[in-house]
Amino acid sequence: MNRRHFLNSTAAAVAYAALPVRPALPARRPMGVTVATYAVRWNSETQSATYPALRTALDILEDCARIGAGGAQVGVSNWETDFAGKVRDRREQLGLYLEGQIRMPRVDEDLDAFEQQVRLAREAGATILRAVCLGPRRYETLHSMSEFLAFKEDAWKAVERIEPIMRRNRVQLAIENHKDWRAEELVALMWHLGSEWMGVTLDMGNNIALLEDPMTVVEQLAPYAITTHFKDMAVAPYDAGFLLSEVPLGEGLLDLPRMVEICERHNPAITFNLEMITRDPLKVPCMTEEYWSTFDYVGGRDLAWAFRYVSGNRPKQPLPTLSEKSPEGRLAYEDENNLRSFAYSRDVLGMK
């Protein structure tokens, strides 16, 4: 090797070494799905050869295989023993994980039926069951502080009633921040329970509707999270507040790679389940008096944050809607959103 060749090769090596190194994506199992990801197709009445209606957990498992999902979070109410066995067998054949969704009992008379559902879910392979304390949205359902406090007392009693059942059956219950609890309220519930069998289903975007920064919510709830509703969000103003929409992963406002990192730091075994709900935008009427009736400590600073967030993140295109699409078009649009989300989860987040 002559001097010129040596200098040229050295310079090339130095220049190459100076290039930014793209870190290898961490090995993660494929993202799963929630039943809400099929909000249009679930129990659809549209006669479609391309997108036939999904009606049972078995149908969702089959679609997991089609789209490359790693597992599913599905309802387990009203299962029979033979059906749980069929779900178990098909799940094992496809190599999928299973999580359940279950309704919490509100009175002692419902506890036996609840425990039977827990046992059947475990028989099918589920060791995590997602639940909500309030089905509808807080600001649409509760109309006074006294109503909220009554809901809170009822919810705390419900989870206290359930904890021994979960411990006895060795299944974890994961309570979602379902536009009902602000993050610190759900943290307080977790502290109150202090049980390894009770945790959180961390929804990445729901609490924007309660005027909370989604990254702050993730940081507060991740220490208790055992599963997720994984999504991206977009916002837009409207006259009484702002609009809130799920959008395909990577096309919204959320810093999903960082959220994944935070969740995995606290729980390396946490599951990421897509909840890409294809629907018209939700209205968050935070400029109306009724919206504020259940908040006694949320104030101007939170409202100011929300308006900065919305005004600073106006969408580049209108938020997605379904109203103007044909029944077949709605099904196709939902499938497209789901497939785009799974492509992002594989290519950007390494979930494959």
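1. With respect to the overall build of the protein
- On a plain count of helices and strands, the protein comes out with 11 helices and 11 strands.
- The principal-axis extents of the C-alpha atoms in the protein amount to approximately 90 × 55 × 50 Å.
- Within the span of the protein, comprising 352 residues, buried residues form 51% of the whole.
- Taking the contacts inside the protein whose residues are at least 6 apart along the sequence as the reference set, 80% of them involve residues at least 24 apart.
- By element, 52% of the accessible surface of the protein is carried by carbon and sulfur atoms, the whole surface being about 16700 Å².
- Taking the 41 positively charged and 49 negatively charged side chains of the protein as two groups, their mean positions are separated by 7 Å.

2. Some details on unusual backbone geometry
- Positive phi, normally seen in glycine, also occurs at Lys179, with a value near 55 degrees.
- Relative to the elements of secondary structure, Lys179 occurs in the loop between strand E5 (172-176) and helix H7 (183-193).
- Of note in this structure, Leu211 is not a glycine but carries a positive phi near 65 degrees.
- On the accessibility criterion, Leu211 (2% relative accessible area) is buried.

3. With respect to the environment of Val76
- By secondary structure assignment, the location of Val76 is in the loop between strand E2 (71-75) and helix H3 (81-94).
- Sequence separation of Val76 and Leu274 is 198 residues, and the distance between their C-alpha atoms is 18 Å.
- Sequence-distant contacts of Val76, that is, excluding residues within four places in its chain, are made with Gly100, Gln101, Ile102, Gln117 and Ala121.

4. Here we look at the packing of H3 against helix H4 (residues 111-124)
- Where H3 meets H4, the axes come as close as 7 Å, and the angle between the chain directions of the two elements is 30 degrees. By the angle between their axes, H3 is roughly parallel relative to H4. When the axes of H3 and H4 are compared, the crossing they make is right-handed. Facing Thr81, Ala84, Val87, Arg88 and Arg91 of H3, the residues of H4 in contact are Leu120, Glu123 and Ala124.
- Looking at side-chain class alone, the contact of H3 with H4 contains four nonpolar, one polar and three charged residues.

5. Structural notes on the environment of Trp191
- Inspection of the secondary structure assignment puts Trp191 in helix H7.
- We classify Trp191 as exposed; its relative accessible area is 65%.
- For the pair Trp191 and Arg88, spaced 103 residues apart in sequence, the C-alpha to C-alpha distance is 34 Å.

6. Structural notes on the environment of Leu173
- Following the sequence through the fold, Leu173 ends up in strand E5.
- Along the chain, Leu173 and Trp191 lie 18 residues apart, while their C-alpha atoms are 15 Å from each other.
- When neighbours within four sequence positions are excluded, Leu173 is seen to be in contact with Ile102, Met104, Leu129, Ala131, Ile162, Met166, Trp197, Met198, Gly199 and Ile226.

7. Some details on the sheet that holds strand E8 (residues 232-238)
- Here we have three strands laid out as an open sheet, ordered E8-E9-E11, and antiparallel in their pairing. Strand pairing shows two members of the sheet lacking a second neighbour, E8 and strand E11 (282-284), which therefore form its edges. For this sheet the average axis-to-axis angle between neighbouring strands, irrespective of direction, equals 30 degrees.
- Taken together, the three bridges between strand E9 (residues 241-247) and E11 define a ladder with antiparallel strand orientation. Of the residues in E11, the one forming a bridge with Leu244 is Leu282.
- Across the sheet, helix H10 (residues 300-311) is in contact with E8 and E9; its angle to E8 comes to roughly 100 degrees.

8. Description of the sheet that holds strand E6 (residues 198-203)
- One closed barrel accounts for eight strands, arranged E1-E2-E3-E4-E5-E6-E7-E10; its pairing is parallel. Going across the sheet, the axis of each strand differs from the next one's by a mean of 30 degrees, ignoring polarity.
- Here H7 sits on the sheet and contacts E5 and E6; the angle it forms with E6, its principal contact strand, is near 165 degrees.

9. Things to note about helix H2 (residues 57-67)
- Listed as buried for H2 are Ala57, Ile60, Leu61, Asp63, Cys64 and Ile67. The buried residues of H2 occupy an angular sector of 165 degrees when the element is viewed end-on, so they sit on one face.
- On its buried side, H2 packs onto strand E1 (32-34), E2, H3 and helix H11 (327-347).
- N-cap assignment for H2: the residue whose side-chain oxygen lies 3.2 Å from the backbone N of Leu58 is Thr56.
- After H2 finishes, the residue Gly68 shows a positive phi value of roughly 85 degrees.

10. Some remarks on the packing of H7 against helix H8 (residues 214-221)
- Between H7 and H8, the shortest axis-to-axis distance is 10 Å and the interhelical angle comes to 5 degrees. In terms of orientation, H7 and H8 fall into the roughly parallel class. Contacts between H7 and H8 involve Ala183, Leu186 and Val187 on the former and, on the latter, Val217, Gln220 and Leu221.
- Along the lines of polarity and charge, the residues of the contact of H7 with H8 split into five nonpolar, one polar and no charged.

11. Some remarks on the confidence of the model for the protein
- In the predicted model, the protein carries a mean pLDDT of 92, and the fraction of residues at 70 or more is 93%.
- Contacts of residues 1-22 to residues separated by more than four positions or lying in other chains number two contacts, the stretch itself having pLDDT below 50.

Rules used throughout
Residues numbered from 1 in each chain as written. Predicted model: local features only at pLDDT ≥ 70, side-chain atom pairs only at ≥ 80, totals over all residues. Heavy atoms only, no water. Helix = DSSP H or I, 4+ residues; strand = E, 2+ residues; numbered from the N terminus. Buried < 20%, exposed > 50% of the residue type's maximum accessible area, 1.4 Å probe, protein only. Contact = heavy atoms within 4.5 Å. Areas by Shrake-Rupley, 256 points an atom, 1.4 Å probe, with all protein chains shown as cover. Lys, Arg positive; Asp, Glu negative; His and termini not counted. Charge placed at Lys NZ, Arg CZ, Asp CG, Glu CD. Axes fitted to C-alpha atoms, helices over the stretch in contact; angles between N-to-C directions. Parallel < 35°, antiparallel > 145°, perpendicular 65-115°, else oblique. Left-handed = near helix turned anticlockwise from the far one by under 90°. Nonpolar A, V, L, I, M, F, W, Y, C, P; charged D, E, K, R; others polar. Pairing = 2+ DSSP bridges. Arc of directions from axis to C-beta. Polar contact = N/O pair within 3.5 Å; in protein donor to acceptor, adjacent residues only side chain to side chain. pLDDT = per-residue confidence, 0-100.

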